[in-house]
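What follows is the residue order along each chain.
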Amino acid sequence: MSEASAAPKPGLGTVIRALGNRKTGFMAVFGFAAGLPYSLLLGTLYAWLSDAHVDLETMGVFSLIGLAYAFKFLWSPALDRIDLPGLRRLGRRKQWIVTAQVLLGIILVTLSQLDPVAALGLFSLLAGIGAFASATQDIAIDAWRVDVADDVATIDMLSTVFQMGYRIAALVGGALALILAERIGWTSVFLVMGLILVAAGVICLFAPDADAAAPSAEDRDELLELREAGQLSPRVRTIALALVGLLWGWALVTVGIFMVRSLGSDPGARPDAVDFVSTTGPLIVIATIILPASIAAVLVYLQRSGRHLLTQAVPHDGTGSRVADHLYRALILPLTELVGRMGWGLVLALALVLTYRICDSIWGTFAYPFYLGELKYTKDEVAIASKFFGVGAIVLGLALGGTLLTVIGRMATLTLGAILAAVTNLLYADLALGGARMAMVSDMLGVTWLVEQLGGEPRLGTLMVTIGTENLATGIAGAAYIAWLSSIVSKGYSAVQYALLSSLTLLVGTLGRGALGQLIQQQGYYRMFVLVTWIGTIAIVLCLLEWWRVARQARRARLA
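Only a predicted model underlies this, so the values are computations on that prediction, with no experimental measurement involved.

**Student:** Residue-level account of the overall build of the protein, with values.
**Tutor:** Counting secondary structure elements, the protein contains 26 helices and zero strands. For the protein, the residues scored as buried account for 53% of the 560 residues in total. Pairs at least 24 residues apart make up 84% of the contacts formed inside the protein by residues separated by at least 6 positions. If you sum the accessible surface of the protein, you get close to 24,000 Å²; carbon and sulfur atoms cover 67% of it.

Here it is, written out as structure tokens:
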């Protein structure tokens, strides 16, 4: 789906029609089903392990299952080109979504019956398979959202509803699961969560298909198109496929070896996960995204310049050539389509992908040390402000962001989100200096009075207003960002393109945390928040440039 064709029709009527649309309802279910296993497997599970007195080193190894989400783009081409036996009739995307949801439900139910200490090996294996299934579900859901979007259920509205479902699931799988665990135990909690996911899988059987405008690898005519006159020669395509295959193969082997060494070696021989992510992680992204995109750019140039093209149709010369063409369609064509359609605009888009979420990702690791260590809030106060009040603010921000998308447009909302994400860091800078200004805001809004009436300390109101305001901005920015990212991928190659782009979203923030930690150690939190605010201006500038590019493209389309 191109940027121009996906532009929303402004007006509140669009919002009302979209909310009553069948696709929008299933999008909410998909969002919830995607957020619940992520919250459970990468968050709540560690609370269970702590209660079971599993040592910290083992829990550190457990955290490696998060690599399934970080590198999910490595197997995304399979979801575009491979059908599950006997399940193709469910739909191109639904076959993966429903299967993943049911599998996740079964895994959670099985985990609920295990002792994480006595059956640690099986427990970790199931958790790893669950993370892989969850990441696979995310790929398919992201592709489904792009594929089914239309003039009523717009990509902007579907993206917003997905985020709302995802955030609600985070609350259910996080704070609510912890509360329930205190009363009914971890076994019952994971049993209930597993049954919820199985139920989601049954509900999603009735979701609309996403087969429209989607190319099928089984269509022989499409393979023959690659061998018609005017197409790149098989030799050039084979070289490009071999190079990309080597790069992706190296990445898969590297991640696989790291996982095996981490889970199978004795504790003293385990590799450093932080070092792997910070040093090898960027190399994997370069090998799987940057270099393949460069190869795709060369192929586009050769095609447009008329070099190394077939002068007449060339038939397949055996099974090997057909397999090569299938692989070329799965790995290379999604990249050449993206590069060919966006041109140099892809460089700007990649820069925006790398920097847009940096404000809320780069200092997230230091949030709890800031609240608990620097500001001396209690754990209960932080839980109330961040988990309950904060999540509610994010959902409200997503709703507001979805409305703004249809009223003022995608790029205006995207730019506003970048501004808010940067400026709200100054609220935390005020907290670092004592929070006098935020305390005044809390008093004026009546939050301080409400907290006191409920038996809390007045300073809790200050934290609630600060986190709530930032999360409101995060919701607006998140709705706009997911909508924009979904709009620049093609329906025909949505699984691969979206997975590749989204994998870069938190890269810079993740890699910058080490340096940011040193800055906090040396100069304190106040200077860190001021610096992050300035860093956020990079995304603002890039949003303005992308806005100009999209507007220019739309003008050209109207004149054509």
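**Student:** Can you tell me about empty space enclosed by the protein, naming the residues and giving the values?
**Tutor:** All chains considered together, the criterion is met by two cavities of 30 Å³ or more. Of the voids in this model, the largest cavity is the one considered here, and its volume is about 80 Å³. Looking at the largest cavity, the residues that line it are Ile289, Ala293, Leu335, Leu338, Val339, Leu346, Leu350, Leu500 and Leu501. No other element matches the three residues that helix H13 (residues 319–342) contributes to the lining of the largest cavity. Within the lining of the largest cavity, the residues separate by chemical class into nine nonpolar, no polar and no charged. In this model, the second largest cavity occupies a volume close to 40 Å³. For the second largest cavity, the full set of lining residues is Cys359, Asp360, Trp363, Leu420, Ala421, Thr424, Asn425, Glu470, Ala473 and Thr474. Mapped by element, the contributors of at least two residues to the lining of the second largest cavity are helix H15 (358–362), helix H18 (410–423) and helix H22 (458–487). Ranked by residues supplied to the lining of the second largest cavity, first place goes to H22 with three residues.

**Student:** Account for the confidence of the model for the protein, naming residues and giving values.
**Tutor:** Taken as a whole, the protein shows an average pLDDT of 82; of its residues, 86% reach a score of 70 or greater. The least confident element of the protein is helix H1 (residues 12–19), whose mean pLDDT is 50; the most confident is H18, at 94. Below pLDDT 50 for its whole length, residues 212–220 participates in 13 contacts with residues either more than four positions away or in separate chains.

**Student:** Account for the pattern of salt bridges, with residues named and values stated.
**Tutor:** Scanning the model with the defined rule gives eleven salt bridges in all. Taking the shortest distance from any N to any O, the salt bridge between aspartate 156 and arginine 410 comes out at 2.9 Å. One end of the pair, aspartate 156, is in helix H8 (residues 155–184); the other, arginine 410, is in helix H18, with 254 residues separating them in the sequence. Comparing aspartate 156 with arginine 410 shows no difference in burial state: the two are buried.

**Student:** Which residues make up the packing of H18 against helix H26 (residues 525–559), and what values go with them?
**Tutor:** For the pair H18 and H26, the least separation of the axes is 8 Å and the interaxial angle reads 175 degrees. Regarding the angle of H18 to H26, the classification is roughly antiparallel. Between H18 and H26, the residues in contact are Met411, Ala412, Leu414, Thr415, Ala418, Ile419 and Ala422 and Thr533, Gly536, Ala539, Ile540, Cys543, Leu544, Glu546, Trp547 and Val550, respectively. Within the contact of H18 with H26, the residues separate by chemical class into twelve nonpolar, three polar and one charged.

**Student:** Break down a nonpolar patch on the surface for me, with residues and values.
**Tutor:** Together, Trp250, Leu283, Ile286, Ile290 and Leu291 give the surface a local cluster of nonpolar side chains, amounting to about 430 Å² of exposed area. In terms of residue count, helix H12 (residues 273–305) provides more of the nonpolar patch than any other element does, four residues in total. Here leucine 283 is to be found in helix H12. Look at leucine 283 and you get partly exposed, because its relative accessible area is 47%.

**Student:** Can you break down the packing of aromatic side chains residue by residue, with the values?
**Tutor:** We describe a pair of aromatic rings using the distance from one ring centre to the other and the angle between the two ring planes. Tallied over the full model, the rule gives 16 aromatic pairs. On the basis of an interplanar angle of 45 degrees and a centroid distance of 5.8 Å, the ring pair of phenylalanine 162 and tyrosine 166 is categorised as tilted. Of this pair, phenylalanine 162 and tyrosine 166 both sit in helix H8, four residues apart, which is roughly one turn of the helix. An identical accessibility class is assigned to phenylalanine 162 and tyrosine 166; each is buried. Their ring planes at 5 degrees and their centres at 5.2 Å tell us that tyrosine 356 and tyrosine 481 sit as a pair that is stacked. On the criterion of sequence distance, the pair formed by tyrosine 356 in the loop between helix H14 (345–355) and H15 and tyrosine 481 in helix H22 is long-range, its members being 125 residues apart. Residue tyrosine 356 shares its accessibility class with tyrosine 481, and that shared class is buried. One aromatic cluster in this structure is built from Phe370, Tyr371, Tyr428, Tyr525 and Phe529.

**Student:** How would you summarise a positive patch on the surface if you had to cite specific residues and measurements?
**Tutor:** Among the surface-exposed residues, Arg552, Arg555, Arg556 and Arg558 lie close enough to one another that they form a single positively charged patch. Among the secondary structure elements, arginine 552 is positioned in helix H26.

**Student:** Report on the environment of leucine 426, specifying residues and quantitative values.
**Tutor:** Relative to the elements of secondary structure, leucine 426 occurs in helix H19 (residues 425–432). Residue leucine 426 is classed as partly exposed on the basis of its relative accessible area, which comes to 42%. The sequence separation of leucine 426 and tyrosine 526 amounts to 100 residues, and the corresponding C-alpha distance is 8.7 Å.

**Student:** For H18, give the residues involved together with the corresponding values.
**Tutor:** Along its 14 residues, H18 runs 20 Å from first to last C-alpha, staying within 8% of the 20 Å computed at 1.5 Å per residue. Counting buried residues along H18, ten of its 14 residues qualify, which places the element largely inside the surrounding structure. Turning to H18, its buried residues are Arg410, Met411, Ala412, Thr413, Leu414, Thr415, Gly417, Ala418, Ala421 and Ala422.

**Student:** Outline the nonpolar core, supporting the account with residue identities and numerical values.
**Tutor:** Membership of the largest hydrophobic core comes to 158 residues, with the highest contact counts inside it found for Tyr356, Trp363, Phe370, Tyr371, Leu414, Trp484 and Met528. When residues in this core are grouped by element, the largest group, 13 residues, is from helix H7 (residues 120–148). If sequence neighbours within four positions are ignored, tyrosine 371 has contacts with Trp363, Lys376, Tyr377, Val382, Tyr428, Leu463 and Ile467.

**Student:** Please set out the side chain of aspartate 142 residue by residue, giving values where relevant.
**Tutor:** Inspection of the secondary structure assignment puts aspartate 142 in helix H7. Residue class for aspartate 142 comes out buried when judged on its relative accessible area of 6%. Every residue in contact with aspartate 142, bar those within four places of it in the chain, is listed here: Lys72, Phe162 and Tyr498.

**Student:** A description of unusual backbone geometry should follow, citing residues and the corresponding values.
**Tutor:** Its identity as a non-glycine residue notwithstanding, histidine 308 has a phi of 55 degrees, on the positive side. When you line up the elements, histidine 308 lands in the loop between H12 and H13. Of note, lysine 376 is a non-glycine position whose phi angle comes to about 65 degrees, a positive value. Within the secondary structure layout, lysine 376 lies in the loop between helix H16 (367–374) and helix H17 (379–407). Residue class for lysine 376 comes out exposed when judged on its relative accessible area of 60%.

Rules used in this analysis
- Residues numbered from 1 in each chain as written.
- Predicted model: local features only at pLDDT ≥ 70, side-chain atom pairs only at ≥ 80, totals over all residues.
- Heavy atoms only, no water.
- Helix = DSSP H or I, 4+ residues; strand = E, 2+ residues; numbered from the N terminus.
- Buried < 20%, exposed > 50% of the residue type's maximum accessible area, 1.4 Å probe, protein only.
- Contact = heavy atoms within 4.5 Å.
- Areas by Shrake-Rupley, 256 points an atom, 1.4 Å probe, with all protein chains shown as cover.
- 1 Å grid on protein atoms, 1.4 Å probe; cavity = no way out; pocket = protein on both sides within 12 Å on 5 of 7 lines; lining within 4 Å.
- Points joined across faces, edges and corners; volume = space filled by probe spheres on them.
- Nonpolar A, V, L, I, M, F, W, Y, C, P; charged D, E, K, R; others polar.
- pLDDT = per-residue confidence, 0-100.
- Salt bridge = Lys/Arg side-chain N within 4 Å of Asp/Glu carboxyl O.
- Axes fitted to C-alpha atoms, helices over the stretch in contact; angles between N-to-C directions.
- Parallel < 35°, antiparallel > 145°, perpendicular 65-115°, else oblique.
- Patch = residues over 30% accessible without salt bridge, like charges linked within 9 Å, V, L, I, M, F, W, Y side chains within 5 Å.
- Phe/Tyr/Trp six-rings, centres within 6.5 Å; stacked < 30°, edge-to-face > 60°.
- Lys, Arg positive; Asp, Glu negative; His and termini not counted.
- Charge placed at Lys NZ, Arg CZ, Asp CG, Glu CD.
- Expected span 1.5 Å × (residues − 1).
- Core = buried A, V, L, I, M, F, W, Y, C linked by side-chain atoms within 4.5 Å.

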